[in-house]
Amino acid sequence: MFWYRAYSGKYSERTGFDITHHLVSTSKIEIYFIEKRLLRKLDEVSKQYEDLSDYEKVHGVYTWLGENRKYTDGIKTRKDGTAWSALLGNETVCAGFAAASQLLLQRLDIESTVVLGYTSDYHAWNFVYLEDGYYWYDSTWGGSAGKGSPYFYNGFLFKNRGDYKTYIFDEKEIQWGTKYLES
């Protein structure tokens, strides 16, 4: 699903989330070649971090995405919002950053989950598990702030900021990590 589909959505207090899936391609041949290219890119990027600690792997993936991909506002093509746009293209929306983060981190044996929710608008980010619990992780920050910005790492391993909302789970039921939070 993370490789072949994009989704768009909106949230309203009255109706909740309205999510629409868009097929990236209906051609089995095109999907086959997309998958081959994605697997090669996953291998290429993840090899840079495979011998590091789990924390360094998570940091490396966040930094790589932020330095190499730009945030674009809005889905303009069928591939926007997929790992395809984030790994094989130059720009993507939040869902692409989240999907690429999940694939890269899982390739490095780090548990990661894409979270759909709402900030000031519909948004996607990740939960990442490190040794003492789950952390909020939003690689879109790196791609939108840009390398060299003082805000570049604002999305790296943080406690829930009040503007991040998800209605899929009860935050009180999750084991949250604290070891890697900035003091």
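As shown above, the structure is provided for reference.
The residue numbering used here restarts from 1 in each chain and proceeds along that chain's sequence as written. It should be noted that, the model being predicted, local features are given only for residues of pLDDT at least 70 and side-chain atom pairs only at 80 or more, the latter also being counted only at that level, while totals for whole chains, interfaces and linings use all residues. Side-chain calculation: all heavy atoms of the structure are included, whereas hydrogens and water are not.

Draft legend 1. Focus on the sheet that holds strand β6 (residues 122-130). Taken in spatial order, the 3 strands line up as β5-β6-β7 in an open sheet, and their pairing is antiparallel. Unpaired on one side and paired on the other, β5 (112-118) and β7 (133-137) mark the two borders of the sheet. Adjacent strand axes in the sheet meet at a mean angle of 30 degrees, parallel and antiparallel pairs treated alike. Residues count as neighbours in contact if any of their non-hydrogen atoms are within 4.5 Å of one another. To get an axis, a line is fitted to the C-alpha atoms, and for a helix only the part in contact is used. The angle between two axes follows their N-to-C directions and goes from 0 to 180 degrees. Here a strand is any run of E in DSSP of at least two residues, a helix any run of H or I of at least four, and the numbering for each starts at the N terminus. Sheet strands in contact with helix α4 (residues 94-107) are β5, β6 and β7, and its direction is about 20 degrees off that of β6. Strand pairing is defined by DSSP finding a minimum of two bridges between the two strands.

Draft legend 2. Just the side chain of Ser-85, in detail. Of note, Ser-85 is situated in helix α3 (residues 83-88). Pairs of N or O atoms within 3.5 Å make up the polar contacts considered here, provided that, within protein, one atom can donate a hydrogen while the other can accept it, and that residues adjacent in sequence are counted only when both atoms are side-chain atoms. Only 2.8 Å separates the side chain of Ser-85 from the backbone oxygen of Thr-82, close enough to count as a polar contact.

Draft legend 3. A look at the environment of Gly-81. When you line up the elements, Gly-81 lands in the loop between β3 (70-71) and α3. It is 7.7 Å that separates the C-alpha atoms of Gly-81 and Phe-97, two residues lying 16 residues apart in sequence.

Draft legend 4. Seen up close, helix α1 (residues 28-47). Taking 1.5 Å of rise per residue, 20 residues should cover 28 Å, and α1 covers 28 Å from first to last C-alpha, within 8% of that figure. Only protein chains enter the accessibility calculation, which uses a 1.4 Å probe; a residue whose area is less than 20% of its type maximum is buried, one above 50% is exposed, and one in between is partly exposed. Residues Ile-34, Leu-38, Lys-41, Leu-42, Val-45 and Ser-46 constitute the buried set of α1. The arc that holds the buried residues of α1, viewed along the axis, is 115 degrees, so those residues lie on one side. Exposed side chains of α1 directed beyond 90 degrees from the buried face belong to Ile-29, Arg-40 and Lys-47. The inward-facing, buried residues of α1 abut α2 (54-68), α3 and α4. In this scheme, a helix's expected span is set at 1.5 Å multiplied by one less than its residue total. The arc under discussion is defined with respect to the helix axis, by the directions toward the C-beta atoms.

Draft legend 5. Geometry of the packing of aromatic side chains. Aromatic contacts are taken between Phe, Tyr and Trp rings whose centres are within 6.5 Å, Trp giving its six-membered ring; a plane angle under 30 degrees counts as stacked, one over 60 as edge-to-face, and the others as tilted. Under the defined criterion, the tally for this structure stands at 19 aromatic pairs. Between Tyr-62 and Tyr-137, the aromatic rings sit 5.7 Å apart at their centres with planes inclined by 80 degrees, giving edge-to-face as the arrangement. Residue Tyr-62 is found in helix α2, and its partner Tyr-137 is found in strand β7; the two are separated by 75 residues along the sequence. Across the pair, Tyr-137 and Tyr-62 agree in class, each one buried. Judged by centre distance (5.7 Å) and plane angle (15 degrees), the ring pair of Trp-125 and Trp-136 falls under stacked. On the criterion of sequence distance, the pair formed by Trp-125 in strand β6 and Trp-136 in strand β7 is long-range, its members being 11 residues apart.

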